[in-house]
Amino acid sequence: MSSAEGLVGREDELGLAAAAVRQLSEGRASALAIEGEAGIGKTLLVQAIVDDARSRDVVVFCGQAHPFERTRPFGVVAAALDLSRRSMDPRRAAIGALLAGQGAGAPRAAGGILYRVVEEIVDLVETSCAERPVLLVAEDIQWADSASLMAISSLVRQLPLAALLVVVTARPSPLSAEVLRLLDDLAAAGARTLRLQPLKSGDVAVLACHVLGAPPGPALTAMLAKAGGNPLWAVAMLRSLADEGTLRRAGDSVETTASELPVSLSDLVVRRLRDLPTATLELLRVTAVLGDAVSLRDVAAVTRRPPAEVAGQLSDAFDAQLLDEADDRVVFRHQLVHDAIYEHMPPSARRLLHREAAVALMAAGADRLDVADHLMLGAERGDEQAVAWLRDAAREASAQAPLVTLELIRRAEQLLPDGHRDADVVSAEVVQALLRAGKVAEASDRAEAVLARRHAAEVDTPLRLALLAALALQNRAAELITVAQASLADPARLQPSGHVLMLAQQSWALVYTGDPGAGESAADRALVIADQAGDAAMMVWALTALLVAVGRQGRYGEALAHARRAAALAADSHDMRSLPLQPKFFLGLALFDCDLVGEARAAYREALDDEFGSGWWLSETLMADAQAAFVIGEWEDAVPGLITGGQAAQEKGNQNLVSQSLAYRVIIATAAGDYRAASELAAGIAGSLEGDELSYNAGILTFAVAGLKAAQGDRQGAYDLLLRCWRFDAERECRFYHRALAPDLVRLALELGHRGVAAEVASTVAAGVALAPEVPTVRSLALRCQGLVDGEVEPMMEAVVFARRAPLLVEHAGACEDAAGLLAQRGRRDEAVALLAETLERYERAGADAWAGRVRAQLRALGVRPGPRGPRGRPATGWESLTTTERAVSLLVAEGLTNGAVARRLYISPHTVNTHLRHVFAKLGVANRVALAAVAHHSIE
C-alpha cells in the first residue's frame, strides 16, 4: 500500500505530526502517542513523520516490538539504537556488552543492570540530541518488553529540554499495566495522543479511487462498507476482487460482479493459503510461529532444512503478497496477515511448533531469553525440561529486567506437576521475583501462603527473609515484628546470616514503631552473631540497624562510630548479600545528625556515585542531600532537590519520603511568606498528623505544619500540634526530632501560659546533652530552652556560641533571635541589635523573606533602620540572576556535557539538572542548550 493510499482522510493527524516535527527542528522536545486498531494506518503515519524528519536533517531511530519477544530486555530500544556488542560505535558496543552481562563494572545485584542501562541510554540519546535533533520511534509497544518501556519513559521524563521527539504506536487494547504507565508518563509530559478512527465512507471511496484509478460504483461502494473504515481491509478487498477477475469498468466508475466476500481480512488471508503448495504452507506456519519478522536462518534451523531450500519454498508466499523483506529478515506484509495465519492453526499445533522452535533455536546457539517466549507458549504442564530452561532464563534476566524474570518464573511454576519435588523452591523463586519487581504486597501474600503450609526446610529461611523485606517495604512494621519473633523462636535452625538479617529487620521495625530500646537490643544480638561468625557483610547489616536505633534515642556520636565502622567494613567487602544496603548513605545520615553537614554531603555524593548505577536507596539519598542543602540555608538549590527526591520517592511508592519532601517545602514557603503555596503543600501532609498513631517522620511534618499555623496567627493550633507530637515521641523515648520541636514548643507554651510544659521540655532536652555532648546543636538546644524558661541571658548567649559551631540555619538564627529578645528585655540594646543583624543576614541569604521581615520589625523597635537587602537582592533575569548551582549547570552544559554527565559532576540527579535548566532558560530567555551555551560563553569572556 502506498503512503497516498493509506493516508487518505488523515489531514488533521498529518497536520499535528508535521507541527511536532517542525517543533523538533526548532530544538524543542515533544512526544506523540498514536493509537488505533490493526490496519488503521499507524505505520503509514509514522512513515510520513519519519520522511518529514529526515527531510529536515533529523536523526531518526526506529524500533518495533514483535510478538513472542517480550522476554528480551531492552529489545525494542536496543534495535532502534543499535545497542549491540558488534556495533562500530564504542558507546553502543559498551551498552550492548552490559545487556549481555559482560560490561565492565556491570552491577550484580538484581535489577542493577536495568538502571545502569537506562542511564546509559538516556545519556546516549542526549548526546545525539546535542549534535542534531532526534526522532525516536517505537512501534507496537503493546508487545514491548518492560525494560524498553522504562527506558522510553525515562527519556521523556529526563530530557524535556532536549531536541527530542518520541513517537510510540499501540493498539488500543488490551494493554499491560506497564504500557498504560508509559502512556500516562507521556501524557504527563505533554504528549499529544492521535487516535486514528475508521475512515469515513467518502474517504474510503477516495482510497478506492487511488487503488483502481477510478471511483467505485454503488455495488462496490456497498461491499467496501464491510471493511468498517479500515484502510488495510478495504485495499485487501479490492486486490482480492481484482485477482479473482470480479472487477469491471462501468462508465467512469468501477463495479464488482462478486456477490460475496470473506467477512474479515483474516478469512481473506486464509482463502489465499488454499492456493499455496503444501511445503510452502508448512514453512509459512513455522514462520508465523517464530514471529512477524524472522530470519531465514531461524526458519531453516527449526525446519532442519538448508536456508536456500527454505527461501525457494517461500517464494510462492512472496508472490501471493503475504511476505516481504526488510533488512535481513522475512516479514509478513502486515501484522494482520501474520495473525490470520497464526490463529488459523489449531492451538495444539501452535504449542507443538513453539516447543520445537525453542529446542531448535537453543540447539543452534540462541540465548535462552531470545526463545523464552516460545517455551512459555509451547510447553505443557509436566514439561520438566521447559521448567529448567525457564528458571535458567529467569536468572539471566534478573539483573536486566525484574518484570521479565517474574513472568518467566511464574510460567515455570505453572508447568510443574502437582507435588513436584521442586515446587517449594520454585515458589520461593516466585516470591523473590515479586519482591525484586516491586510487587511487594503480592510477595508478602505468596510468602505467607507457602509458610502457612508444609514446605521444604530449605526454603523456610529465604521465604521468611523475603516476607520480612516485603513487610518492611509496605511499612507493615507491626506484622514484621510478629513474623520476626516467630522466626527467631527457634534460632538453632537458622544459619548465622539468616539470623542476623532477621534481627536487623526486626530492629528497624521496632525502632520505627516507637521502641528504639528494643530495636537496639535486637541489633546488638545481630552484631554479636555476625562478629562470632566473622562475617563482614552481616556485620554491616547489624551495625546499620544499631546506628539507626541509637540515633533515634539521641546518641548521635555513638551512631556515627557504628556508621564509620560499617562503611569501612563495606569498603573491604564485595558481598553485601540479599537486599542491598548503602553504608555510605547511612554514614551520611549519622554525620548529618552530628552537625557535620559538609562531611555528610560528601558521603551522600559517594553514595550517589553508586546509586546512579542502580535503583536502590536513590530517592533516599537524593532527599538526604536536599535536606542538607536546606539546613545550611541553600534553599534555591534545596528546592529542586526536594522536588526530585519527592518524585523519585513517589515512583517507588515511599509515601513517608514524599511527605518529608513536602514538609521541607512547606517550611521554605512559610519562611518566604508564600502562605498560599505553603497551605497547598501542607494539605498533602496534614492527614498523616491525624489519628492515634504518628509516622516515624512526624517530627518534621509537625514542625512544618505548626510553623505555618503560627505564621497565620493560629498559635494555639500550632502549640497543640507540637505538644501532641512531643508527647508521642516522649512515650517512645525518641529524641530524634527534639531539635525541630523543642524551641517552638517552649516558646509557644510560655506565650500561652503553660510554663509547666515549657519546663518539662527544657528538662528533657537538657538530659539529652549527656547522650551526645559532642554535637553543638544538642548543647545549644538545651541552653536555649533553659534560657527561655528561666528568662536568663547567659545560657542564651552560650547557646548562640554553640549554634555558631554548626552551619545549620534554623538552629543558628533561632538561637540568635531568641537571645536578642531577652537582651532587649534586659536593656542590652547593642548586643540585641548585633544578634538580630546576624540573624537577618542568614535569613536574607536563604530567601526567608517573611522571617527576615520579622527580624527587621524587631530592629526597628530598637530604633535601628535596617539597610537594604543583602545578597538576595540579585536581578530577576540575566546571567547575574543565576544561583551558584544554576551557573555551574549552565557552564557544564555549555561545555557540551549531557544531563547525566552534569549530574555526576555536581553530585545531583539528572532530574535536578532539568529543574535547574528550566529556571536558567526562563531567567536567560533562551529556548535551547545552544542558545544557553552562547550566553554562557559571552558572560565569561
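Treat the numbers as computed from the prediction; the structure is a model and nothing was measured. (Residues numbered from 1 in each chain as written. Predicted model: local features only at pLDDT ≥ 70, side-chain atom pairs only at ≥ 80, totals over all residues. Heavy atoms only, no water.)

S.K.: So, the overall build of the chain: which residues are in play, and what are the values?
M.R.: Looking only at helices and strands, the chain has 48 helices and 10 strands in total. Seen through its C-alpha atoms, the chain measures out along the principal axes to roughly 110 × 70 × 50 Å. Of all 941 residues assigned to the chain, the portion counted as buried reaches 56%. Long-range contacts, defined as pairs at least 24 residues apart, comprise 67% of the intrachain contacts of the chain with a sequence gap of at least 6. As displayed, the chain has an accessible area near 38,200 Å², and 51% of this comes from carbon and sulfur atoms. (Helix = DSSP H or I, 4+ residues; strand = E, 2+ residues; numbered from the N terminus. Buried < 20%, exposed > 50% of the residue type's maximum accessible area, 1.4 Å probe, protein only. Contact = heavy atoms within 4.5 Å. Areas by Shrake-Rupley, 256 points an atom, 1.4 Å probe, with all protein chains shown as cover.)

S.K.: An account of unusual backbone geometry is needed here, citing residue identities and associated values.
M.R.: Positive phi is not limited to glycine here, since Phe74 has a value of about 65°. With respect to the helices, strands and loops of the structure, Phe74 is situated in the loop between strand S2 (59-64) and helix H4 (75-81). Given a relative accessible area of 0%, Phe74 falls into the buried group. In this structure, Gln321 is a non-glycine residue whose phi angle is positive, near 60°. Among the structural elements, Gln321 can be located in the loop between helix H16 (315-319) and strand S9 (323-326). Its relative accessible area of 38% is what places Gln321 among the partly exposed residues.

S.K.: So what's going on with the environment of Asp424? Which residues, and what values?
M.R.: The residue Asp424 is located in helix H22 (residues 423-436) in this model. Along the backbone, Asp424 and Leu451 are 27 residues apart, and their C-alpha atoms lie at a distance of 9.8 Å. Once you skip the residues sitting within four places of it in the chain, Asp424 turns out to touch Arg453, Arg454, His455, Ala456 and Val459. Of note is the side chain of Asp424, whose polar atom sits 2.8 Å from the side chain of Arg453. (Polar contact = N/O pair within 3.5 Å; in protein donor to acceptor, adjacent residues only side chain to side chain.)

S.K.: Explain the pairing of strand S4 (residues 164-170) to me, using residue names and the numbers behind them.
M.R.: Successive residues of a regular strand alternate their side chains across the two faces of the sheet. Most of S4 is tucked away, with seven of its seven residues classed as buried. The alternating pattern of S4 places Leu164, Val166, Val168 and Ala170 on one face and Leu165, Val167 and Thr169 on the opposite face, and all of these are buried. Relative to S4, strand S1 (residues 30-35) runs parallel, the two sharing six bridges. Across the sheet, the residue bridging to Ile34 is Thr169, located in S4. One ladder, built from five bridges, connects strand S3 (residues 134-139) with S4; its direction is parallel. Bridging across to S4, Leu135 finds its partner in Leu165. (Pairing = 2+ DSSP bridges.)

S.K.: Before we move on, can you summarise the sheet that holds strand S5 (residues 192-195) with the specific residues and values?
M.R.: The strand order across the open sheet built from five strands is S2-S3-S4-S1-S5, with neighbouring strands paired in parallel fashion. The strands lining the two open edges of the sheet, one partner per strand, are S2 and S5. Adjacent strand axes in the sheet meet at a mean angle of 15°, parallel and antiparallel pairs treated alike. Packing of helix H3 (residues 42-55) onto the sheet brings it into contact with S1, S2, S3, S4 and S5, and relative to S3 it is tilted by some 165°. (Axes fitted to C-alpha atoms, helices over the stretch in contact; angles between N-to-C directions.)

S.K.: Could you give me a rundown of the packing of aromatic side chains, with the residues and numbers involved?
M.R.: Taken as a whole, this structure holds 10 aromatic pairs when the rule is applied. Measuring from centroid to centroid gives 5.2 Å for Phe68 and Tyr342, while their planes differ by 45°, and the two rings are tilted. Separated by 274 residues along the polypeptide, Phe68 in the loop between S2 and H4 and Tyr342 in helix H17 (residues 335-344) bring together distant segments of the chain. Assessed through its relative accessible area of 13%, Tyr342 is described here as buried. Centre to centre, the rings of Phe585 and Tyr604 are 6.3 Å apart; their planes meet at 40°, and the pair counts as tilted. Taken together, the positions of Phe585 in helix H30 (residues 583-593) and Tyr604 in helix H31 (residues 597-611) put the pair 19 residues apart, joining distant regions of the chain. Residue classification places Phe585 among the buried residues on the basis of a relative accessible area of 4%. Three or more aromatic residues joined by ring pairs make a cluster, and in this case those are Phe630, Trp635, Tyr664, Tyr843 and Trp851. (Phe/Tyr/Trp six-rings, centres within 6.5 Å; stacked < 30°, edge-to-face > 60°.)

S.K.: Give me the lowdown on the pattern of salt bridges, citing residues and values where you can.
M.R.: Under the counting rule described, the total for this entry stands at 53 salt bridges. Between Glu429 and Arg395 there is a salt bridge whose closest N-O contact spans 3.8 Å. In this pair, Glu429 is assigned in helix H22 and Arg395 in helix H20 (residues 384-397), connecting sequence segments 34 residues apart. A cluster of three or more residues bridged by salt bridges with shared partners is formed by Arg368, Arg391, Asp392, Arg395, Glu396, Asp422 and Glu429. (Salt bridge = Lys/Arg side-chain N within 4 Å of Asp/Glu carboxyl O.)

S.K.: Can you lay out the confidence of the model for the chain for me, pointing to particular residues and giving the numbers?
M.R.: Of the residues in the chain, 95% reach a pLDDT of 70 or more, and the chain-wide mean stands at 89. With pLDDT under 50 throughout, residues 1-5 is counted as low confidence; its partners more than four residues away or in other chains account for 14 contacts. Every residue in residues 103-111 scores below 50 in pLDDT, and together they form 19 contacts with partners more than four places removed in sequence or on other chains. (pLDDT = per-residue confidence, 0-100.)

S.K.: Mind laying out the pairing of S9, listing which residues take part and the relevant values?
M.R.: As paired elements, S9 and strand S10 (residues 329-332) share four bridges and run antiparallel to each other. Each residue of the ladder has a partner; that of Ala326, found in S10, is Arg329. Linking two consecutive strands that pair antiparallel, namely S9 and S10, is a turn of two residues; a positive phi of about 55° is found at Asp327 within it.

S.K.: Go over the packing of helix H43 (residues 829-846) against helix H44 (residues 849-861), please, and point to the residues and values.
M.R.: Two elements in contact, H43 and H44, have axes separated by 9 Å at closest approach and are oriented at 160°. Considered as vectors, H43 and H44 are oriented roughly antiparallel to each other. Handedness of the crossing formed by H43 with H44: left-handed. In contact with Val833, Leu836, Thr839, Leu840, Tyr843 and Glu844 of H43, H44 contributes Trp851, Ala852, Arg854, Val855, Arg856, Gln858 and Leu859. Taken together, the residues of the contact of H43 with H44 sort by class into eight nonpolar, two polar and three charged. (Parallel < 35°, antiparallel > 145°, perpendicular 65-115°, else oblique. Left-handed = near helix turned anticlockwise from the far one by under 90°. Nonpolar A, V, L, I, M, F, W, Y, C, P; charged D, E, K, R; others polar.)

S.K.: Break down the side chain of Thr912 for me, citing the residues and quoting the values.
M.R.: With respect to the secondary-structure elements, Thr912 resides in helix H47 (residues 910-924). Residue Thr912 is classed as buried on the basis of its relative accessible area, which comes to 4%. If sequence neighbours within four positions are ignored, Thr912 has contacts with Pro640, Gly641 and Thr644.

S.K.: Pulling in residues and values, what's your account of the sheet that holds strand S8 (residues 293-294)?
M.R.: Strand order in this open sheet of three strands is S8-S10-S9, and the pairing throughout is antiparallel. Two strands close off the open sheet at either side, each with one partner strand: S8 and S9. Sheet topology note: the S8/S10 ladder contains two bridges and is antiparallel. Bridging from a neighbouring strand, Val294 pairs with Val330 of S10.

S.K.: How would you summarise H22 if you had to cite specific residues and measurements?
M.R.: Helical geometry: 3.6 residues make up each α-helical turn, so side chains three or four residues apart lie on a common side. Here H22 is 14 residues long and its end C-alpha atoms lie 20 Å apart, about the 20 Å a rise of 1.5 Å per residue gives. Along H22, 10 of the 14 residues are buried, which leaves the element largely enclosed by surrounding structure. Those residues of H22 lying buried are Asp424, Val425, Val426, Ser427, Ala428, Val430, Val431, Ala433, Leu434 and Leu435. Close packing links the buried residues of H22 with H20, helix H21 (402-415), helix H23 (440-451) and helix H24 (460-473). Looking one or two residues past H22, Gly438 carries a phi angle of roughly 85°, positive in sign. (Expected span 1.5 Å × (residues − 1).)

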